[in-house]
Amino acid sequence: MKIFVIDTEYLSWKSNEQDFKNLKLNLNNPPEIIQIYIKEIFSFSKRDILLFIKPRYCKKYPNRIAKLTSIKKSFLDKKGISFVDAYKIISKFVPKNSIIISNGNESKILNFNIKLNKIKKIRKIIYFFDFNDLLKLFYPWIFKNRIKFISIAKIKKIFNLKKTKNHNAKNDVMTLVNFIKKEKIKKNFFYKNKLFHKFIL
């Protein structure tokens, strides 16, 4: 099994839309993915892909996203590919039975965009591992006071990791990669704990 780390940036109009609770209700301004970065770890090959995706369904590009990510609609119009093409690239890049580490619900936002674009899945089985589950095992004290989720920005601050621009898919992936290296977490950890869930790509 190969192991990858993924992060996405997607359109949202309010900060509380990050919880994914109302994705199916937000069809007028759907949370379309605009950036994806995937990097293979525990491998000498250092394979990775960085994709920018042109939104297709949103009625108005949110100003908050341009400010948060520095990704402007004009850039995506020129350099972005369709999500359909992005899906083809991702499905070829990630082998079956791979484990994909993400900090949050990347599997849900990915699945939503697949459905939004009416893509017929190739039916490849992969597995998503939530990075917060790793933190709960090693550092349960972080989740005191009913905290349920630790963001990338907080991870950098708590563990004194390299300061990089937040809301950049590549930077956020590298933060998780650097954490795994710093804490000397081995490849077998992700196999043995089986905290991952199945995903049909």
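Scroll up to find the structure this text is about.
A brief report on the enclosed structure follows. (Residues numbered from 1 in each chain as written. Predicted model: local features only at pLDDT ≥ 70, side-chain atom pairs only at ≥ 80, totals over all residues. Heavy atoms only, no water.)

1. Some details on the overall build of the protein
(1) Moving on: For the protein, the helix and strand inventory stands at eight helices and six strands.
(2) Moving on: Scaling as 2.2 N^0.38, a compact globule of 201 residues should have a C-alpha radius of gyration of about 17 Å, and the protein matches this with 17 Å.
(3) Moving on: Projecting the C-alpha coordinates of the protein onto the three principal axes gives extents of approximately 45 × 35 × 30 Å.
(4) Moving on: Scored against the burial criterion, the 201 residues of the protein give a buried share of 46%.
(5) Moving on: Long-range pairs, those at least 24 residues apart, make up 74% of the contacts in the protein with a sequence separation of at least 6.
(6) Moving on: Carbon and sulfur atoms provide 53% of the accessible area of the protein, an area that totals close to 11,500 Å². (Helix = DSSP H or I, 4+ residues; strand = E, 2+ residues; numbered from the N terminus. Rg over C-alpha atoms; globule rule 2.2 N^0.38 Å. Buried < 20%, exposed > 50% of the residue type's maximum accessible area, 1.4 Å probe, protein only. Contact = heavy atoms within 4.5 Å. Areas by Shrake-Rupley, 256 points an atom, 1.4 Å probe, with all protein chains shown as cover.)

2. A short note on the nonpolar core
Nonpolar side chains in soluble globular proteins generally cluster together in the buried interior.
(1) Moving on: Ile101, Phe131, Leu134, Leu135, Ile155, Phe179 and Phe190 are the most contacted members of the largest nonpolar core, which has 28 residues in total.
(2) Moving on: Among the secondary structure elements, those contributing two or more residues to this core are β1 (3–10), β2 (33–41), β4 (99–102), β5 (125–130), α5 (131–138), α6 (152–158), α7 (169–182) and α8 (187–192).
(3) Moving on: The dominant element in this core, judged by the number of residues it contributes, is α7, at six residues.
(4) Moving on: Residues within four places of Phe179 in sequence aside, it is in contact with Phe131, Leu134, Leu135, Tyr139, Ile155, Phe159, Leu161 and Ile185.
(5) Moving on: Judged by nonpolar contacts, the second largest core, of 24 residues, contains Ile6, Phe83, Ile100 and Leu110. (Core = buried A, V, L, I, M, F, W, Y, C linked by side-chain atoms within 4.5 Å.)

3. Some words on the packing of aromatic side chains
(1) Moving on: Applying the stated rule across the entire model yields 15 aromatic pairs.
(2) Moving on: With centroids separated by 6.4 Å and ring planes inclined at 75°, the aromatic side chains of Tyr139 and Phe179 adopt a geometry described as edge-to-face. With Tyr139 in the loop between α5 and α6 and Phe179 in helix α7, this pair connects stretches of sequence that are 40 residues apart. For the residue pair Tyr139 and Phe179, the accessibility class agrees, reading buried in each case.
(3) Moving on: Through pairs of rings, three or more aromatic residues link up here, namely Phe42, Phe129, Phe131, Phe138, Tyr139, Trp141, Phe159, Phe179, Phe189 and Phe190. (Phe/Tyr/Trp six-rings, centres within 6.5 Å; stacked < 30°, edge-to-face > 60°.)

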